[in-house]
Amino acid sequence: ASASVSFDVITTAPAINLQFPLNNSYLNYTQNVYFNYSVASGIGISSCYLYGDFNGVWSVNKTNSSLSTGNNFFVVNLTEGNYKWGVACNDAQNRFSQLNRTINLDVTNPSLTITEPSGTKSSQSSIPLTFNASDSSLSNCIYNITKGASIEITNTNVSCSSSTSFSVSGDGNY
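Caption draft 1: Representation of the sheet that holds strand β10 (residues 127-134) within the structure. Spatially, β9-β10-β13 is the arrangement adopted by the 3 strands of the open sheet, whose pairing is antiparallel. On the outer flanks of this sheet lie β9 (111-116) and β13 (164-166), each paired with one strand and no other. Between one strand axis and the next, the sheet turns through 30° on average, direction left out of account. By the bridge criterion, 5 bridges tie β9 to β10 in an arrangement that is antiparallel. Following the sheet pairing, Ser 111 is matched in β10 by Ser 134.

Caption draft 2: Examining the state of the cysteines more closely. For the coordinates displayed, the defined rule picks out 2 disulfides. The disulfide partner of Cys 48 is Cys 89, and the gap between their sulfur atoms is 2.0 Å. Between Cys 48 and Cys 89, the S-S dihedral sits near 110°, and the bridge is therefore right-handed. Here Cys 89 lies in strand β7 (residues 81-91) and Cys 48 lies in strand β4 (residues 45-52), a separation of 41 residues in the sequence. You'll find Cys 48 and Cys 89 in the same group, each marked buried. Note on cysteine connectivity: Cys 141 is disulfide-linked to Cys 160, with sulfurs 2.2 Å apart.

Caption draft 3: Layout of the packing of aromatic side chains. According to the stated counting rule, one finds 7 aromatic pairs in the structure shown. Relative to Trp 85, the ring of Phe 35 has its centre 4.8 Å away and its plane inclined at 55°; by these criteria the two rings are tilted. One end of the pair, Phe 35, is in strand β3 (residues 33-40); the other, Trp 85, is in strand β7, with 50 residues separating them in the sequence. Taking relative accessible area as the criterion, Phe 35 reaches 0% and is therefore assigned buried. The interplanar angle of 15° and the centroid separation of 5.3 Å between the aromatic rings of Tyr 37 and Phe 74 together place this pair among those described as stacked. Placement of the pair is Tyr 37 in strand β3 and Phe 74 in strand β6 (residues 71-76), with a sequence separation of 37 residues. Comparing Tyr 37 with Phe 74, the two get one shared label, buried. Put simply, the rings of Phe 35, Phe 54, Tyr 83 and Trp 85 pair up and form one aromatic cluster.

Caption draft 4: Just the sheet that holds β4, in detail. Spatially, β2-β8-β7-β4-β5 is the arrangement adopted by the 5 strands of the open sheet, whose pairing is mixed. The sheet is open, and its two borders are formed by β2 (25-27) and β5 (59-64), each paired with just one other strand. Each strand axis lies, on average, 30° off the axis of its neighbour in the sheet, ignoring direction. Sheet analysis places β2 next to strand β8 (residues 96-105), joined by 3 bridges and oriented parallel. Its bridge partner lying in β8, Ser 25 is registered against Ile 103.

Caption draft 5: Representation of unusual backbone geometry in the model. Cis geometry is adopted by the peptide bond preceding Pro 21, which originates at Phe 20 and carries an omega value of 0°. As for its position among the elements, Pro 21 is in the loop between β1 (15-20) and β2. Residues Glu 116 and Pro 117 are joined by a peptide bond in cis, for which omega reads 10°. Within the secondary structure, Pro 117 is located in the loop between β9 and β10. Positioned with a positive phi, Asn 24 is a non-glycine residue whose angle comes to about 60°.

About the cut-offs
Residues numbered from 1 in each chain as written. Predicted model: local features only at pLDDT ≥ 70, side-chain atom pairs only at ≥ 80, totals over all residues. Heavy atoms only, no water. Pairing = 2+ DSSP bridges. Helix = DSSP H or I, 4+ residues; strand = E, 2+ residues; numbered from the N terminus. Axes fitted to C-alpha atoms, helices over the stretch in contact; angles between N-to-C directions. Disulfide = S-S within 2.5 Å. Buried < 20%, exposed > 50% of the residue type's maximum accessible area, 1.4 Å probe, protein only. Phe/Tyr/Trp six-rings, centres within 6.5 Å; stacked < 30°, edge-to-face > 60°.

Everything listed here is a matter of geometry and, on its own, says nothing about what the molecule does.
Pasting the structure below:
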């Protein structure tokens, strides 16, 4: 007589894919922030946890024990700021995996004051561009110069903390 059996060998922890928000991304809203993820395991997932430093301390904020095989999510209301977040999951054999990311929530528009150019200039070159830009997460500043409906200088990067100068092609109202 003979007999046969089949069995599985699974030695890996759950595989987590953090889908949204992307790492180091900026969101311009703070309410109903979705943290989307998917998780896979050969033996089933027991639960997943949303970790974050949303209150200043890295800790579990939400738990999901009713997981689907596709996409899953947590929804959290936050305040403006920079946060670390992550999802941790354990499978039916209590093997544990975790992935972490950073997000930036910025709902306040930057403040911008331009002091130059102003008035009438006597040269087409070395026209000063003097401004003050401020924001809690100011990352880049660009400027455009238009003459009527035509763009003379387009999307030019400039340091947000210093002044610069530019030149134009001719006389006119800019």
